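Listed below, chain by chain, are the residues.
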Amino acid sequence: HTILDYARLAPAKQRLEVAQTARFYVKGDVLNPLEEYIDEASMYIEAIVDLYDQFRFAVDLIGASCLPILHADVPMVAANARTLLAAGRKIVSAENVWPYYDNLVHKTFCDGMMSSIAFLIIFQVMIGLVFFPIASFRAHQFLLRRGRGEKALH
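This part takes up the overall build of the protein. Each helix and strand in the protein was counted, giving seven helices and zero strands. Rg of the C-alpha trace for the protein: 33 Å, well past the compact-globule value of 15 Å for 154 residues, more than 25% over. Principal axes of the C-alpha set define a box for the protein whose edges measure 115 × 40 × 25 Å. Out of the 154 residues belonging to the protein, those deemed buried represent 16%. For the protein, the share of sequence-separated contacts (at least 6 apart) that also reach a separation of at least 24 residues comes to 41%. If you sum the accessible surface of the protein, you get close to 12100 Å²; carbon and sulfur atoms cover 70% of it.

The following block contains the structure:
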């Protein structure tokens, strides 16, 4: 199985996004849905800031009767959201994710598993060809001594 096969095991509601995200990181031939979500959030932020700027007079007017509205700093919240989305874009970028994928899949599973399988085969051969015959021989000697001991008692 490949990573793309395992992505198909995601819950039905998220299966398409998970499969497309996995395909983006593995093959790079589709758009990253995570970056699309960040783009969509950026568009919403800009739309909110534009609406706030267009209706600033109405917000100030309502703020006269509802003081907490006057303390809402929409440009600051928008700037913080842009900073978070920029950081999120760096986190989900292929350049950031690839080293983790490479380390986990290629180095740990491929390289590590191959050496582990080699050690497993070596240990199986040692147990089967060395330790099992020794254990059988020792068990045979024990049973012979015990048999002689029981004959001597009777």
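On to the environment of Asp5, then. Within the secondary structure layout, Asp5 lies in helix H1 (residues 3–7). On the accessibility criterion, Asp5 (29% relative accessible area) is partly exposed. In sequence terms Asp5 and Gly88 are 83 residues apart; their C-alpha atoms lie 26 Å from each other.

Another aspect to go through is the side chain of Ser93. Along the polypeptide, Ser93 turns up in the loop between helix H6 (74–92) and helix H7 (94–153). The exposure class assigned to Ser93 is buried, which follows from its relative accessible area of 13%. For Ser93, the contacting residues outside a window of four places in its chain are Tyr25 and Glu35.

Attention now moves to the nonpolar core. Core analysis: the largest hydrophobic core is formed by eight residues, namely Phe24, Tyr25, Ile38, Ile45, Val49, Ala78, Leu85 and Val92. Those elements that provide at least two residues to this core are helix H2 (15–26), helix H3 (33–54) and H6.

For the rest of this paragraph, the subject is the confidence of the model for the protein. Scored by pLDDT, the protein has a mean of 87; 98% of the residues are at 70 or more. Of all the helices and strands in the protein, H1 carries the lowest mean pLDDT, 76, while H6 carries the highest, 96.

Attention shifts here to the packing of aromatic side chains. In this structure the tally under the stated criterion is three aromatic pairs. Between Phe119 and Phe123, the aromatic rings sit 6.2 Å apart at their centres with planes inclined by 20 degrees, giving stacked as the arrangement. With Phe119 and Phe123 both in helix H7 and four residues apart, the pair spans about one turn of that helix. Look at Phe119 and you get partly exposed, because its relative accessible area is 49%.

All told, the structure shown has four salt bridges when counted by the stated rule. Across the pair Arg23 and Asp29 runs a salt bridge, and its minimum N-O distance is 2.6 Å. A salt bridge links Arg56 to Asp60, with the nearest nitrogen and oxygen atoms 3.7 Å apart. One end of the pair, Arg56, and the other, Asp60, are both in helix H4 (residues 56–63), four residues apart, so they sit about a helical turn from each other. Residue classification places Asp60 among the partly exposed residues on the basis of a relative accessible area of 37%.

Attention now goes to the packing of H2 against H3. It is the contact of H2 with H3, at a shortest axis distance of 8 Å, that shows an interaxial angle of 110 degrees. By the angle class used here, H2 and H3 are roughly perpendicular. Residue-level contacts link Glu17, Gln20, Thr21 and Tyr25 of H2 to Pro33, Leu34, Glu36 and Tyr37 of H3. Class assignment of the residues belonging to the contact of H2 with H3 gives a composition of four nonpolar, two polar and two charged.

The rules behind each value
- Residues numbered from 1 in each chain as written.
- Predicted model: local features only at pLDDT ≥ 70, side-chain atom pairs only at ≥ 80, totals over all residues.
- Heavy atoms only, no water.
- Helix = DSSP H or I, 4+ residues; strand = E, 2+ residues; numbered from the N terminus.
- Rg over C-alpha atoms; globule rule 2.2 N^0.38 Å.
- Buried < 20%, exposed > 50% of the residue type's maximum accessible area, 1.4 Å probe, protein only.
- Contact = heavy atoms within 4.5 Å.
- Areas by Shrake-Rupley, 256 points an atom, 1.4 Å probe, with all protein chains shown as cover.
- Core = buried A, V, L, I, M, F, W, Y, C linked by side-chain atoms within 4.5 Å.
- pLDDT = per-residue confidence, 0-100.
- Phe/Tyr/Trp six-rings, centres within 6.5 Å; stacked < 30°, edge-to-face > 60°.
- Salt bridge = Lys/Arg side-chain N within 4 Å of Asp/Glu carboxyl O.
- Axes fitted to C-alpha atoms, helices over the stretch in contact; angles between N-to-C directions.
- Parallel < 35°, antiparallel > 145°, perpendicular 65-115°, else oblique.
- Nonpolar A, V, L, I, M, F, W, Y, C, P; charged D, E, K, R; others polar.

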